[in-house]
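Listed here are the chains, written in short residue letters.
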Amino acid sequence: MMYTSTRDTSVSVSAAKAVIDGIAADGGLYVPKSLPSVDYRSMLGLDYAARVEKVLSAFFDFDVKGIADKAYSSFDSGDPAPVVKLDDKLYMLELWHGKTCAFKDMALSVLPHLLAAAKKAEGDSRETLVLVATSGDTGKAALEGFRDVDGVKVCVFYPTDGVSKVQKLSMQTQDGDNVYSVGIKGNFDEAQSAVKRAFRDEQLIGALAEKNIVMSSANSINIGRLVPQIAYYFSAYCDLVDSDEITAGSKVDFVVPTGNFGNILAGYYARAMGVPINRLVCASNKNNVLTDFIETGTYDINREFFKTLSPSMDILVSSNLERLLFEVSGHDGEAVGAYMTKLTDKGRYDVSPEVIDKIRTIFACGYADDDDCLEAIAEAFDEYGYVLDPHTAAAYSVAESRELSYPTVIASTASPFKFAPAVLTALDEKVGEVTAKTLGLLSDITALDVPVQLAEVFTKPLRFTEIIDKDEILDFIARKFGE
Ligand SMILES: *Cc1c(COP(=O)(O)O)cnc(C)c1O
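I will try to describe carefully the structure that is included in this document. Each chain has its residues counted from 1, following the order in which its sequence is written. Where totals are concerned, whole chains, interfaces and linings use all residues; where local detail is concerned, this predicted model gives features only for residues with pLDDT of at least 70, and gives and counts side-chain atom pairs only at 80 or more. To get the side-chain values, take all heavy atoms of the structure and skip hydrogens and water.

1. Thoughts on the packing of helix 8 (residues 188-200) against helix 21 (residues 473-481)
Argument step 1. Note on definitions: angles span 0 to 180 degrees between N-to-C directions of axes, and those axes are lines fitted to C-alpha atoms, for helices only across the stretch in contact. Each helix is a run of H or I in the DSSP string that is no shorter than four residues. Each strand is a run of E no shorter than two, and both are numbered from the N terminus. Two elements in contact, helix 8 and helix 21, have axes separated by 9 Å at closest approach and are oriented at 50°. Viewed along their axes, helix 8 and helix 21 adopt a mutual orientation that is oblique. Between helix 8 and helix 21 the crossing geometry is right-handed. In this structure, helix 8 contributes Ala191, Ala194, Arg197 and Ala198 to the contact, and helix 21 contributes Ile473, Leu474 and Ile477.
Argument step 2. Gly is put with the polar residues, along with every residue not named as nonpolar or charged; the nonpolar set is Ala, Val, Leu, Ile, Met, Phe, Trp, Tyr, Cys and Pro, and the charged set is Asp, Glu, Lys and Arg. A breakdown of the residues in the contact of helix 8 with helix 21 according to their chemical character gives six nonpolar, no polar and one charged. Oblique is the label for any angle not under 35 degrees, not over 145, and not in the 65 to 115 range, which are roughly parallel, roughly antiparallel and roughly perpendicular in turn. Helix crossings fall into two classes, left-handed where the near helix is turned counterclockwise from the far one by less than a right angle and right-handed where it is turned clockwise. By definition, residues are in contact when any of their heavy atoms lie within 4.5 Å.

2. Some thoughts on the packing of aromatic side chains
Argument step 1. By convention, a stacked pair of Phe, Tyr or Trp rings (six-membered ring in the case of Trp) has centres within 6.5 Å and planes under 30 degrees apart, an edge-to-face pair has planes over 60 apart, and any other such pair is tilted. Inspection of every chain in the model, using the stated rule, returns 17 aromatic pairs.
Argument step 2. Measuring from centroid to centroid gives 6.4 Å for Tyr3 and Phe60, while their planes differ by 15°, and the two rings are stacked. Of this pair, Tyr3 sits in strand 1 (residues 2-5) while Phe60 sits in the loop between helix 2 (48-59) and helix 3 (67-72); the two residues are 57 residues apart in sequence, bridging distant segments of the chain. Of the two residues examined, Tyr3 and Phe60, each falls in the buried class.
Argument step 3. Note on Tyr339 and Tyr349: the rings are 5.2 Å apart at their centroids and 20° apart in plane angle, and the pair reads as stacked. Residue Tyr339 is found in helix 14 (residues 333-346), and its partner Tyr349 is found in strand 13 (residues 348-350); the two are separated by 10 residues along the sequence.
Argument step 4. Looking at Tyr339, the relative accessible area reads 9%, which means it is buried.
Argument step 5. Ring pairing ties together the aromatic residues Phe261, Tyr268, Tyr269 and Phe363, which thus form one cluster.
Argument step 6. The rule for a charge over a ring is simple: NZ of Lys or CZ of Arg within 6 Å of the ring centre, and within 35 degrees of the ring normal. The ring centre of Tyr40 lies 5.5 Å from the NZ or CZ of Arg41, which sits over that ring.
Argument step 7. Sitting over the face of the ring of Phe306, Lys286 holds its NZ or CZ atom 4.1 Å from the ring centroid. We call a residue buried when its accessible area falls under 20% of the maximum for its residue type, exposed when it is over 50%, and partly exposed in between, using a 1.4 Å probe and counting protein chains only.

3. A closer look at the site of the ligand
Argument step 1. One heavy atom suffices: a residue is near a molecule or strand as soon as one of its heavy atoms comes within 4 Å of it. Neighbouring the ligand are 15 residues; Lys104, Asp137, Gly259, Asn260 and Asn263 lie closest to it.
Argument step 2. Whenever a nitrogen or oxygen atom comes within 3.5 Å of another N or O atom, the pair is scored as a polar contact, on the condition that within protein one atom can donate a hydrogen and the other can accept it, and that pairs from neighbouring residues in sequence are kept only if both atoms are in side chains. Measuring from an oxygen atom of the ligand, one finds a backbone N or O atom of Asn260 at 2.7 Å.
Argument step 3. Note that an oxygen atom of the ligand is positioned 2.8 Å from one of the backbone N or O atoms of Asn263.
Argument step 4. Isolated, the ligand exposes 380 Å² of accessible area, and the fraction of that covered by the protein chains is 98%.
Argument step 5. Residues that form the shell around the ligand fall into these classes: five nonpolar, eight polar and two charged. Accessible areas in this description were obtained via Shrake-Rupley with a 1.4 Å probe; residue shielding takes into account the shown protein chains only.

Any functional reading would require information that these geometric values do not contain.
What follows is the structure in structure tokens.
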């Protein structure tokens, strides 16, 4: 299986190189030249890790055996991605049973193993510096996934005023000898674009090369992050068939709380590979760039950036939309490159009517502001005794506003404890300063256990408290790793 760039289809690299590099040299994202075929029926009755292994082997031609087993052994329950039934039409796909209680663990538990296997396949003995821009959850999951992995250092940049208290503490107290986290004065988009620039900065590349270090990405711009996520769409569908909720071949909808468009893009790939998905519903928060795009065909980031109760979705530049545009434009790298240049220069682009029509046959969209999310949390608890985190609540709210013509699976992307203050507010509790007690209160009300890994962030020593300006990111990397 060979990979190419979304901006230039003359690019051709091995799967291993695509994972090692993280992003193509022309600034485009690596994509498979053609989608492999995997029959979901071959996964019926299998456990989650076995399903993941099938997906990994279809996309990567290097040795991926045993990776999924290793990756998911750190999850807290027997099933890393259980489907929970709310009623005959509504199901929750819980993706937060990993070490950091958010769906990023689904892929970031796999990526370090994939990277190691890819380096082995390429005979690449350089040290890897994994750079991560995060709106909160990716950073922690990457720190945890890569901690103390040989031959890797990981450095995370998060908006110091744009993440939840638990998210921030969990990154500041991270264990491991090869990890760094840094707060930046700026938002996620600015962190992400600085990190993307770092990959193309000749001077930085040279300085690191002298120390035998090469940069890579753990953001969903890395195809190695995206592919493991495809598996849970297969798995959720097979679970519904295995438990006789649906018959094989009948269609379902997925509603996905969306930020960088990585999670839902994995759903697109699963659908294109034959999982019977009717619509993928893209749920946004008040930063509803994607809703507007799907409705109008214009992607426009010239708008106010809102900080919301769902910080991991506070994103205006959804990187992975680029991969979707590549697919729906019939692999037109030139057109995609032109859209992205317009986005950089003007902050907006319009896609052709054919492209947006195609997108609308596959995707639906909607958004929920903070009030809608709080309402959704209260309603789901009232009606089903089910506790939503504020990101999942955005998806729930959008699902509720639709006529559910198909069984609908909501991707549940974080443990409610990770965002306890918002959840408590929704349940009419007063929230003061956030402490371990805040999590305890949520536990009392919901009769759910506080995840240990979240409770402990309040007592562990702070290791990383540096804050830098968004414009200092490249200098910081050079200073810290290149000297
Ligand atoms: C990252 C994240 C999202 C958004 O996922 P994307 O792949 O960026 O679209 C939604 N919810 C939570 C809890 C997240 O951590």
